[in-house]
Amino acid sequence: MKKIIFLLAISFFITSCFIHTKGENGKPGLPGKDGTSPDSKIGFNQKMADSLGADHYGMKPYIIVMLTTGSAKIEDKTKMTELMKGHMSNIGRLAKEGKIVVAGPFSEKNIRDYRGMFIFNTKSKEEAESWVKTDPAVAAGVFGYEIFPWYGSAALPLYLKHHKEIAKENP
């Protein structure tokens, strides 16, 4: 009986927090025309869904490339700096061409030796591999890679156009 009362109390607390966060100044929000709160749903945009290649769930296939520690051991710091500049430049080029939608390093070591990842805007493993091979650090063996199909939001590419608005400088 104590457990039931405790669970009811928790559910009432969570529900009351939810209601108060929907409105302004502690007042509940007013329902919209479709019975939802005004800020809960923007609405379906067929033109945008089509332009992004979205299916009926708003999703689409991508290819994830996991960069791994490569077999090359480059001790020359100047050469390594040059390769990493080429790596970053290549990422920028692929992003401008709409081929890559996410790229970034992992901030911690891991048991698989994953160093970073790319999410490519294609469903073709072969096409993604041809793009990753344009990376100078991959070509030099600094990075290896593994390729995986992935299914995610078709809106993912849209974040790139806003990234410039929040970044003070490029890496």
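The structure presented is a predicted model; accordingly, all values stated were derived computationally and were not measured.

(A) Geometry of the side chain of Asp-135. Locating Asp-135 in the fold gives a position in the loop between helix H4 (125-132) and helix H5 (136-139). In this structure the side chain of Asp-135 is engaged in a polar contact, spanning 2.5 Å, whose partner is the side chain of His-87. Those residues in contact with Asp-135 that sit more than four places away from it in its chain are His-87, Asn-90 and Phe-118.

(B) Just the nonpolar core, in detail. In this structure, Ile-63, Val-65, Leu-67, Phe-118, Phe-120, Val-132 and Phe-143 are the most contacted members of the largest nonpolar core, which totals 17 residues. Going through the elements one at a time, strand E1 (59-69), helix H3 (77-96), strand E3 (114-120), H4, H5 and strand E4 (143-153) are the ones with two or more residues in this core. Those residues in contact with Phe-143 that lie beyond four places of it in its chain are Leu-67, Thr-68, Gly-70, Met-84, His-87, Arg-115, Ala-137 and Val-138.

(C) Quick peek at the pattern of salt bridges. The full count for this structure, using the stated rule, is three salt bridges. We note a salt bridge from Glu-97 to Arg-93, for which the minimum N-O separation is 3.2 Å. Looking at Glu-97, the relative accessible area reads 42%, which means it is partly exposed. Judged by relative accessible area, Arg-93 falls into the partly exposed class, the value being 32%. Look at the salt bridges and you will find they share partners, linking Arg-93, Glu-97 and Lys-99 into a network.

(D) Fine view of the layout of surface pockets. In this structure, the second largest pocket spans a volume of roughly 160 Å³. Lining the second largest pocket are Phe-44, Asn-45, Met-48, Ala-49, Leu-52, Ala-54, Asp-55, His-56, Gly-58, Ser-153, Ala-154 and Ala-155. The element contributing the most residues to the lining of the second largest pocket is helix H2 (residues 46-52), with three residues. When grouped by side-chain class, the residues that make up the lining of the second largest pocket number seven nonpolar, four polar and one charged.

(E) Expanded view of the sheet that holds E3. The antiparallel open sheet is built from four strands, whose spatial order is E2-E3-E1-E4. Among the strands making up the open sheet, the edge pair consists of strand E2 (100-105) and E4. Pairs of neighbouring strands in the sheet enclose a mean axial angle of 20°, with direction left out of account. With six bridges joining them, E1 and E3 adopt antiparallel strand pairing. Within E3, the residue paired with Met-66 across the bridge is Met-117. Sheet contacts for H4: E1, E3 and E4; angle to E4, the most-contacted strand, approximately 135°.

What counts, and where the lines are drawn
Residues numbered from 1 in each chain as written. Predicted model: local features only at pLDDT ≥ 70, side-chain atom pairs only at ≥ 80, totals over all residues. Heavy atoms only, no water. Helix = DSSP H or I, 4+ residues; strand = E, 2+ residues; numbered from the N terminus. Polar contact = N/O pair within 3.5 Å; in protein donor to acceptor, adjacent residues only side chain to side chain. Contact = heavy atoms within 4.5 Å. Core = buried A, V, L, I, M, F, W, Y, C linked by side-chain atoms within 4.5 Å. Buried < 20%, exposed > 50% of the residue type's maximum accessible area, 1.4 Å probe, protein only. Salt bridge = Lys/Arg side-chain N within 4 Å of Asp/Glu carboxyl O. 1 Å grid on protein atoms, 1.4 Å probe; cavity = no way out; pocket = protein on both sides within 12 Å on 5 of 7 lines; lining within 4 Å. Points joined across faces, edges and corners; volume = space filled by probe spheres on them. Nonpolar A, V, L, I, M, F, W, Y, C, P; charged D, E, K, R; others polar. Pairing = 2+ DSSP bridges. Axes fitted to C-alpha atoms, helices over the stretch in contact; angles between N-to-C directions.

The values are spatial; any link to function lies outside them.
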